[in-house]
There are 2 protein chains.
Amino acid sequence: MIIEIAILSVKAGEGPAFERDFTEASRYISQSEGYVSHQLQRCLETKNRYILLVNWSSVEAHMVVFRNSKVFLEWKRLLHHYYDQPAIVEHYSKVYEGTGDRSNQ
Amino acid sequence: MIIEIAILSVKAGEGPAFERDFTEASRYISQSEGYVSHQLQRCLETKNRYILLVNWSSVEAHMVVFRNSKVFLEWKRLLHHYYDQPAIVEHYSKVYEGTGDRSNQ
């Protein structure tokens, strides 16, 4: 599994509408083969900045399967007009995960 | 709960040592009051880039409690010398989370 991390810049004043349409768009991305889960996070320090985190089975599931799918057209139609600059998209693989289990301390 | 997202740039060639020491440093951050969980992710496209994701009970748990704690001194001692530029740190609050449950489709 890999994670897509996309930094999104939304046009001033359009945050609430973007968030509303994101909920609808989520129905589409979650239908894509290889999709695992996703989150949308709103930045507390930088107005209109969001981060999208998507877990995919592989980079190809995102870049090939999803990007060439019919559901991606719906995703784009609903969301891309909110961005005032292209999303910065990268993929990451997990090195470490800790859950704060203190049972051994 | 909020999430800290930090973009880290590690000196060329020091990734494996950084990852090893990150495991040790994780013992310290997880002891801090208000810590919930964390992940380290390695970028697939940009060499030596990592993203640290930390769930905290609040921004204060990170910026006040952790940053002024003894365990932060250990965290810094183990990790900060690996960075070739200051970490870019921001906090986010969750807008949406989807897990791909298709039971309604």
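The model shown is predicted, which means the values in this text are computed figures rather than measured ones. (Residues numbered from 1 in each chain as written. Chains lettered and ligands numbered in written order. Predicted model: local features only at pLDDT ≥ 70, side-chain atom pairs only at ≥ 80, totals over all residues. Heavy atoms only, no water.)

Trainee: Could you clarify how one ought to interpret the pattern of salt bridges in this entry?
Mentor: Residues and elements named next belong to chain A. The tally for this structure, following the rule as stated, stands at 8 salt bridges over all chains. Here Arg 77 ties to Glu 74 by a salt bridge, and the two come within 2.6 Å at their closest N and O atoms. Taken together, the residues Arg 77 and Glu 74, both in helix H3 (residues 70–79) and 3 residues apart, mark about one turn of the helix. One salt bridge in this structure joins Glu 97 and Lys 94, with 2.6 Å as the shortest N-O distance. Taking the relative accessible area as the measure of exposure, Lys 94 reaches 41% and is therefore partly exposed. (Salt bridge = Lys/Arg side-chain N within 4 Å of Asp/Glu carboxyl O. Helix = DSSP H or I, 4+ residues; strand = E, 2+ residues; numbered from the N terminus. Buried < 20%, exposed > 50% of the residue type's maximum accessible area, 1.4 Å probe, protein only.)

Trainee: Looking at this structure, how should I read the relation of the copies chain B and chain A?
Mentor: Applying a rotation about an axis and a shift along it to one chain copy brings it onto the other copy. If you rotate chain B by 180° and push it 0.0 Å along the axis, it lands on chain A with an RMSD of 0.0 Å. Taken together, the turn and the small shift mark the pair as related by a two-fold rotation axis. Looking at chain B, 100% of its interface residues are interface residues in chain A too, so the copies touch through the same face. (Least-squares fit on C-alpha atoms with pLDDT ≥ 70 in both. Contact = heavy atoms within 4.5 Å.)

Trainee: Looking at this structure, I do not really get the pairing of strand S4 (residues 88–98) of chain B. What am I missing?
Mentor: When a strand is regular, its side chains alternate between the sheet's two faces. By the bridge criterion, 6 bridges tie strand S2 (residues 35–43) of chain A to S4 of chain B in an arrangement that is antiparallel. Across the sheet, Gln 41 of chain A pairs through a bridge with Lys 94 of chain B, a residue of S4 of chain B. In this sheet, S4 of chain B lies alongside strand S1 (residues 2–9) of chain B in antiparallel orientation, the contact comprising 5 bridges. Its bridge partner lying in S4 of chain B, Glu 4 of chain B is registered against His 91 of chain B. (Pairing = 2+ DSSP bridges.)

Trainee: How should I be thinking about the interface of chain B and chain A in this particular structure?
Mentor: Interfaces are often sized by the accessible area lost when the parts come together. If you look at the interface, chain B gives 40 residues, while chain A gives 40 residues. Counting the surface lost from both chain B and chain A, the interface buries some 3500 Å², and carbon and sulfur atoms represent 52% of this. Considering only the side of chain B, the residues that lose the most area to chain A are Tyr 92, Val 95 and Tyr 96 of chain B, jointly responsible for 19% of the buried surface there. Our count for the chain B to chain A interface comes out at 2 salt bridges. With a shortest N-O distance of 2.7 Å, Arg 49 of chain A and Glu 90 of chain B are connected by a salt bridge. Elements with a minimum of two residues in the side of chain B that touches chain A: S1, helix H1 (15–29), strand S2 (35–43), strand S3 (49–56) and S4 of chain B. (Buried area = accessible area lost by both parts, 1.4 Å probe.)

As far as function goes, none of this settles anything; it's purely spatial.
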